[in-house]
Amino acid sequence: MKQDNIIEVNKLTRSFGDFIAVDQISFEVRRGEIFGFLGANGAGKTTVIRMLTGLLIPTSGLARVAGEDVFRRAEAIKKKIGYMSQKFSLYEDLTVVENIRFYGGIYGLSARNIRSKTDELLNRLGLVDVRDRLISELPLGWKQKLAFSTAVIHDPVIVFMDEPTSGVDPITRRQFWDLIYEAADGGTTVFVTTHYMDEAEYCDRVSIMVDGRIDALDTPGGLKRAFGAPDIDEVFVKLARSGGAS
Amino acid sequence: MSVSVRNLKKTFGDIEALKGVSFEVKTGERFGFIGPDGAGKSTLFRILVSLLLPDSGEARVVGLDPVTGYIELRRRVGYMPGRFSLYQDLSVEENLTFFATIFNTTVAKNYHLIRDIYHQIEPFKKRRAGDLSGGMKQKLALSCALVHKPDILFLDEPTTGVDAVSRREFWDMLDKLKESGLTVLVSTPYMDEASRCDRIALMHRGEILEINTPEGISNNFGRDLWAVHASQRYRLLKILRAYSHAESVFAFGEQIHYTDRRHDFDSEELESWLASQGLEKVQVKKIRPSVEDALIALIGREAGGDQSTIMQPGPVYPGPKNGTGA
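Colleague: I keep staring at the confidence of the model for chain B and nothing clicks. Help me out?
Modeller: Caution is warranted with low-pLDDT regions, since their predicted coordinates should not be read in detail. Residues and elements named next belong to chain B. When pLDDT is averaged along chain B, the result is 88; 93% of the residues meet or exceed 70. Of all secondary-structure elements in chain B, the lowest mean pLDDT belongs to helix H11 (residues 307-310), at 38, while strand E4 (residues 56-61) reaches the highest, 97. Note on residues 305-326: pLDDT under 50 across the span, and 52 contacts to partners over four residues away in sequence or across chains.

Colleague: Looking at this structure, I do not really get the pairing of strand E10 (residues 225-229) of chain B. What am I missing?
Modeller: Side-chain positions along a regular strand alternate between the two faces of the sheet. Residue and element names in this part refer to chain B. Two strands pair when backbone bridges link them, and E10 and strand E13 (residues 283-287) are joined in this way by five bridges, in the antiparallel orientation. Following the sheet pairing, His 229 is matched in E13 by Gln 283. Here three bridges tie E10 to strand E12 (residues 255-260), and the two strands are oriented antiparallel to one another. Counterpart to Ala 227 in the pairing with E12 is His 257.

Colleague: Please clarify how the interface of chain B and chain A should be interpreted in this entry.
Modeller: Interfaces are often described in size by the accessible area the parts lose on coming together. Listed per partner, the contact involves 38 residues of chain B and 33 residues of chain A. Mapped by element, the contributors of at least two residues to the side of chain B that touches chain A are helix H5 (134-146), helix H6 (164-179), strand E11 (246-252) and helix H10 (291-302) of chain B. Residues belonging to the side of chain B that touches chain A are distributed by class as follows: 19 nonpolar, 13 polar and six charged.

Colleague: It is not clear to me how the packing of helix H5 (residues 140-151) of chain A against helix H6 (residues 170-185) of chain A should be interpreted in this structure. Could you clarify?
Modeller: For any two helices packed against each other, the geometry is given by the interaxial angle and the distance between the axes. Residues and elements named next belong to chain A. The contact between H5 and H6 brings their axes to 10 Å, and the two run at 25°. For the element pair H5 / H6, the angle class is roughly parallel. Judged by the twist between their axes, the crossing of H5 over H6 is right-handed. Within the contact between the two elements, H5 uses Leu 140, Gly 141, Gln 144, Lys 145 and Phe 148 and H6 uses Thr 172, Gln 175, Phe 176 and Leu 179. In terms of residue class, the contact of H5 with H6 is made up of four nonpolar, four polar and one charged.

Colleague: Is there a simple way to think about the sheet that holds E10(B) in this case?
Modeller: Residue and element names in this part refer to chain B. Pairing is antiparallel across the open sheet formed by four strands, whose spatial order is E11-E12-E10-E13. Among the strands making up the open sheet, the edge pair consists of E11 and E13. Put simply, the sheet's adjacent strands are angled 30° from each other on average, direction ignored. Where E11 meets E12, six bridges bridge the pair, whose relative direction is antiparallel. Along E12, the bridge assignment pairs Ala 251 with Ile 256.

Colleague: How should I be thinking about the environment of A:Gly17 in this particular structure?
Modeller: Relative to the elements of secondary structure, A:Gly17 occurs in the loop between strand E1 (5-16) and strand E2 (19-30). Considered as a pair, A:Gly17 and A:Val157 are 140 residues apart in the sequence and their alpha carbons are 34 Å apart.

Reading the values: rules and limits
- Residues numbered from 1 in each chain as written.
- Chains lettered and ligands numbered in written order.
- Predicted model: local features only at pLDDT ≥ 70, side-chain atom pairs only at ≥ 80, totals over all residues.
- pLDDT = per-residue confidence, 0-100.
- Helix = DSSP H or I, 4+ residues; strand = E, 2+ residues; numbered from the N terminus.
- Contact = placed C-beta atoms within 7 Å.
- Pairing = 2+ DSSP bridges.
- Nonpolar A, V, L, I, M, F, W, Y, C, P; charged D, E, K, R; others polar.
- Axes fitted to C-alpha atoms, helices over the stretch in contact; angles between N-to-C directions.
- Parallel < 35°, antiparallel > 145°, perpendicular 65-115°, else oblique.
- Left-handed = near helix turned anticlockwise from the far one by under 90°.

Put into structure tokens, the structure is as follows:
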């Protein structure tokens, strides 16, 4: 595995019965990159993410995440990655501090490490005054920052984000991308899915899945040139229509 | 008037889901409610189709009061809830027959209403609804909401979580329905879908911030909007935010949308200043504001006037609570 690749995937395949959900895909994600992972509903995105996060064993092919083999080292992968799903995965009836402690504990941080991380996060996010408030009492923008911070509390080399901005207002959505940029600036690799095509433009590189295959992978600018399209939305529609997505 | 609503309010515990909304929808109109999660869209729809009681205010839907006239009202409205609510373990065909039957009609009798939509999923009519793809589920749900020949249709976020291609197809289907004169109220978190409505209401945290045609919303933006481009976008974003004359700075795809505080703003001056900061391929172009630009500006004004403060690190919203999931 090359030093600067955090993900290496070669002919990765996953079938469910006689349905081939992911069909021999190959790609790499570089260290520190913001990698946009797009595709129509049912194209196979979720299956790929589940394989790369150690939740699903592939049928065939090769894949390494943070240097670990997805077939044999799924548990090691889970410790090395961060994951954030569609809904900010905080416990609404726990306080800010309790949530931080909970996620630190899950990721196996020592008690001392959790204490220093807690102070650091509260200061950096400006949450000192609300440290003992329930999550359910916090505004969306604060929750979002805290959810992101707990997903990377163990300093993972890569964080997977599955539609992190679905249904979020346009200002909060943009603030979330500030967090993504900041993390990438600090060297964390970001692997993100979205249905907002303008967000695809914020990525360093974008892949588009159609019917289990990766049909396009390039910088946003490269994709637009290759498809003669004004924006990624057009690229996506051209690709997905030709693939016959339902 | 197909719908008229005056000062409608609803609270859940201490969350004000609707803080007194008023609007009217004409017969045959396609009226969109645009806003993020927690704006109050679903609460509003549930009240109007008689599934939820308001705390106060008045509503008429096709001339009926949803509180006292709900029995008649339910026969006359079609409603597609935000969450897929068909029977997952019934087939496509069984679901449709079920909905026709509970409304005392048959699929055959109203087939002409759903033909354009239903024929796309008819090849799969023996398949269980739970096994359909997202796009097909959406088509089935719309067919089921139409099969009893409603006078008015409420579609609550029909395109949420659906990919860009299926979203376009869905709006194309609604275009065909419009030809039949059906009144449609539709909600969506996607700003780009606003242009497919006759009029839209921009909603945020239980309030309607503006009602207008999509063109009218753009025209009301009230100042010049500029699209700024440079090859290093994140640096450009940071530099513009720190710029003393900046009023608002927001990323939009590969560009930054920018407004300036000065009345005598000169775009060429900004271009050369950005170039002097070491940015390459700098371009500043005047553009027409989109609905998303308008909503950002309206939310910003609500949050205390100065939009730039919203983008500062640390605490974001001054408001005490956010009504999520209402």
